[in-house]
Amino acid sequence: MSESDTGKPVDDDYYEELGASDMQPPHQATGEEDGAMFLDWRLDPHVSHSDWTIRIITKNKNKDATVVEYHVHRNVLTYGLRSSGYFQRVCRIESDFRESSTRTSQIELEQVLAEAFPTMLDFIYQDVSKRQVSLTSTSATVLHCLAQYFDIGALRYETMAFIKNSLHVNNCGTYYKQAYTLRNKVVLGVLVDFCATMICGIFPRVHTIVEYAEPQFWAHINELSLATFRELTNEALLPVIESTAALDLLSAEASLVKNPEHSKLSSLQERCIKPLSCNYKLMLDDKRAATILQKQGSLFLSSLLIESLRVSSNDIVAKDAEFKSKRERYDLQ
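The rules behind the values
- Residues numbered from 1 in each chain as written.
- Predicted model: local features only at pLDDT ≥ 70, side-chain atom pairs only at ≥ 80, totals over all residues.
- Heavy atoms only, no water.
- Phe/Tyr/Trp six-rings, centres within 6.5 Å; stacked < 30°, edge-to-face > 60°.
- Helix = DSSP H or I, 4+ residues; strand = E, 2+ residues; numbered from the N terminus.
- Lys NZ or Arg CZ within 6 Å of the ring centre and 35° of its normal.
- Expected span 1.5 Å × (residues − 1).
- Pairing = 2+ DSSP bridges.
- Axes fitted to C-alpha atoms, helices over the stretch in contact; angles between N-to-C directions.
- Contact = heavy atoms within 4.5 Å.
- Core = buried A, V, L, I, M, F, W, Y, C linked by side-chain atoms within 4.5 Å.
- Buried < 20%, exposed > 50% of the residue type's maximum accessible area, 1.4 Å probe, protein only.

### What to know about the packing of aromatic side chains
- All told, the structure shown has 10 aromatic pairs when counted by the stated rule.
- Arranged with centres 5.6 Å apart and planes meeting at 5°, the rings of F87 and F150 form a pair that is stacked. Of this pair, F87 sits in helix α4 (residues 85-90) while F150 sits in the loop between α7 (140-149) and α8 (153-166), and the two are 63 residues apart along the sequence.
- When the ring centre of F123 is taken as origin, the NZ or CZ atom of R82, which lies over that ring, is 4.4 Å away.

See the structure below:
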């Protein structure tokens, strides 16, 4: 005990001197520092108190599996504007999903989707980790696919807004290749609408989408005129037509012709006769092929028949010559 100025005893345990923490503001840690104040899936799971594990599995051509683990937090994945409907369903304690008991999700993804998975997590964690996610023309379609799979409405909206705002004649081919490879029908629909309004800008300067897009893609462009279709399929741009594409191209052209003129063949019809005749055997019992060919007119059908007979005759001559050659070798023995 000590005495105050008044002479009364003072209890030393009654108060405490101000410490350093009382005088200085806390250190503003960033999301990249150890012990950061911002929550991030990249942190040590013991430090961040991770309560869920995501195991992403990819397989190569030999079916060899590669597994990458991500230690995440249920409250971030399932709550807020950036939450995932997929994880809301599997992370519930009372759910029937096996994940709810093991607190582990095992998900198999294609390689390109697996590579973008960390960016998807960054997007979900953005409000708590302060880690910004930037979209590009090469990542937007992939992230949109992940947003569809994991039911992330905010990411679907942002990626689609980016695609629509960034889409132009110079990158529409890149968008098409990714959307087609990943079977993203939503992005393909956006590309159909874009190409319908920008067809004059696309042809003939931009060759990538003309080169890569399948015939069905162009057939879905309602505003595509017959004249434009024939420009896109002229001999200069499409010198060789595969037999697998010939029927689709003929079907697309027929759908655009309002008043068929069967007195002469179109350039496309002339170039489709040879590839089709080389595969005449495959069309004999193909009902879809028969339906398409019936719309081509009698001149086309007769021309196709004559060419098919010529090919068939050549096949017979070739086989006869091969048989004679084998017989002569046999006789010599």
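### Considerations on helix α6 (residues 111-129)
- Taking 1.5 Å of rise per residue, the 19 residues of α6 would be expected to cover 27 Å, and the 26 Å separating its terminal C-alpha atoms lies within 8% of that figure.
- Looking one or two residues past α6, K130 carries a phi angle of roughly 65°, positive in sign.

### Digging into the sheet that holds strand β3 (residues 52-59)
- What the 3 strands build is an open sheet, ordered β4-β3-β5; its pairing is mixed. Two strands close off the open sheet at either side, each with one partner strand: β4 (65-72) and β5 (104-108). Along the sheet, successive strands turn relative to each other by an average axial angle of 20°, direction set aside.
- Sheet topology note: the β3/β5 ladder contains 5 bridges and is parallel. What sits directly across from R55, in β5, is Q106.
- Its contacts with the sheet put α6 on β3 and β4, and the angle it makes with β4 is roughly 5°.

### Focus on the nonpolar core
- Judged by nonpolar contacts, the single largest core of 33 residues is most densely connected at I54, V72, F87, F117, M120 and F150.
- Of all the secondary-structure elements, those providing two or more residues to this core are β3, β4, α3 (74-78), α4, α6 and α7.
- Ranked by residues supplied to this core, first place goes to α6 with 9 residues.
- When neighbours within four sequence positions are excluded, I54 is seen to be in contact with V68, E69, Y70, V72, L77, F87, S105, I107 and F117.
- If you look at the next biggest cluster of nonpolar residues, it comprises 26 residues, including I163, V192, I202 and L232.

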